[in-house]
Amino acid sequence: MIADGGTVLMQQRPPDKQHAGLWEFPGGKVEMGETLVAALVREIDEELGVTLCAADLFPVRAASGDPAKGEPSIVLLLFGTRRWQGEPRAVEPGCQLQWTTAGALTTLPRPPLDIPLSQALIPLLEGVAKAGRHT
Ligand SMILES: Nc1nc2c([nH]c(=O)n2[C@H]2C[C@H](O)[C@@H](COP(=O)(O)OP(=O)(O)OP(=O)(O)O)O2)c(=O)[nH]1
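Residues numbered from 1 in each chain as written. Predicted model: local features only at pLDDT ≥ 70, side-chain atom pairs only at ≥ 80, totals over all residues. Heavy atoms only, no water.

Below, the discussion takes up the UniProt feature "domain: Nudix hydrolase" (unreviewed entry) in the chain. Per the UniProt record, the feature "domain: Nudix hydrolase" (unreviewed entry) sits at residues 1-123. Helix makes up 22% of residues 1-123 and strand 22%, whereas the separation of the span's terminal C-alpha atoms amounts to 15 Å. (UniProt positions renumbered as here; feature names shortened; annotations may be inferred. Helix = DSSP H or I, 4+ residues; strand = E, 2+ residues; numbered from the N terminus.)

If you want it as structure tokens, here you go:
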């Protein structure tokens, strides 16, 4: 979720889970029989109480672990959106939220795969921030 001003919503992982306390992009896992985008719309509603429209979502980047290097065998797909309905709130206990600028994103402690995802997002955030300064 990319807001006017070029900030992105980041979510802190809860203390009882893997990568506890690190900041990730809100989302979750695709369930059996679900499309990618339907899974994202469902997860964002469940986690943030926000309604997304599938047509507003655009792919940003994929990142995956390399099992040969002992990394997890998972693929993360980052989607962006500039539109949503509702004010995001941390529905799950222990999941803080923060709107983060491109500059602050690079210093935020993140799980390994969220780092390349963030790097792909930074030019987009900078573009939105710059456009906002000219309006
Ligand atoms: N965001 C993120 N997740 C990672 C990375 N590496 C890694 O193993 N994971 C794991 C943690 C979670 O188990 C899973 C992401 O699923 P999720 O967003 O639904 O997180 P979760 O902990 O709430 O899910 P769950 O396992 O409790 O169902 O991927 C990484 O670099 N970034």
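What follows is about the nonpolar core. Val8, Met10, Phe25, Leu105, Leu121 and Leu125 are the most contacted members of the largest nonpolar core, which totals 16 residues. Among the secondary structure elements, those contributing two or more residues to this core are β2 (7-12), α2 (102-105) and α3 (114-133). By residue number, the principal contributor to this core is α3, which donates 5 residues. When neighbours within four sequence positions are excluded, Leu105 is seen to be in contact with Val8, Met10, Thr100, Arg110, Ser118, Leu121, Ile122 and Leu125. In terms of nonpolar packing, the next biggest core, distinct from the first, is built from 8 residues, Leu40, Ile44, Leu48 and Leu52 among them. (Core = buried A, V, L, I, M, F, W, Y, C linked by side-chain atoms within 4.5 Å. Buried < 20%, exposed > 50% of the residue type's maximum accessible area, 1.4 Å probe, protein only. Contact = heavy atoms within 4.5 Å.)

Scanning the entire structure with this criterion turns up 1 aromatic pair. Relative to Trp99, the ring of Trp84 has its centre 5.8 Å away and its plane inclined at 20 degrees; by these criteria the two rings are stacked. You can see Trp84 sitting in the loop between β5 (75-80) and β6 (97-100) and its partner Trp99 sitting in strand β6, a full 15 residues away along the chain. Note on Trp84: relative accessible area 23%, which makes it partly exposed. A relative accessible area of 34% places Trp99 in the partly exposed class. (Phe/Tyr/Trp six-rings, centres within 6.5 Å; stacked < 30°, edge-to-face > 60°.)

Attention now moves to the pairing of β2. A large share of β2 lies buried, amounting to 6 of its 6 residues. Residues of β2 alternate between two faces, with Thr7, Leu9 and Gln11 on one and Val8, Met10 and Gln12 on the opposite face, all of them buried. Where strand β1 (residues 2-3) meets β2, 2 bridges bridge the pair, whose relative direction is antiparallel. Across the sheet, residue Ile2 finds its bridge partner in β2, namely Val8. Between the end of β1 and the start of β2, which pair antiparallel, lie 3 residues, with Gly5 showing a positive phi angle near 100 degrees. The pairing of β2 with β6 spans 4 bridges and is antiparallel. Paired with Leu9 across the strands is Trp99, a residue of β6. Here β2 runs beside strand β3 (residues 23-24); their pairing, made up of 2 bridges, is antiparallel. Bridging from a neighbouring strand, Gln12 pairs with Trp23 of β3. (Pairing = 2+ DSSP bridges.)

Our next topic: the site of the ligand. Around the ligand sit 15 residues in total, of which Arg13, Lys17, Lys29, Leu113 and Asp114 are the nearest. One nitrogen or oxygen atom from the side chain of Arg13 is found 2.6 Å from an oxygen atom belonging to the ligand. Contact distances for the ligand include 3.4 Å between a nitrogen atom and a side-chain N or O atom of His19. Its residues assigned to classes, the shell around the ligand shows 6 nonpolar, 4 polar and 5 charged. (Near = heavy atom within 4 Å. Polar contact = N/O pair within 3.5 Å; in protein donor to acceptor, adjacent residues only side chain to side chain. Nonpolar A, V, L, I, M, F, W, Y, C, P; charged D, E, K, R; others polar.)

All right, on to helix α1 (residues 36-48) then. In this model α1 runs 18 Å from its N-terminal to its C-terminal C-alpha over 13 residues, within 8% of the 18 Å that 1.5 Å per residue would give. Taken together, the buried positions of α1 are Ala39, Leu40, Arg42, Glu43, Ile44, Glu47 and Leu48. Residues of α1 that are buried in the fold lie against β2, β5 and β6. Two residues or fewer after α1 comes Gly49, characterised by a positive phi angle close to 65 degrees. (Expected span 1.5 Å × (residues − 1).)

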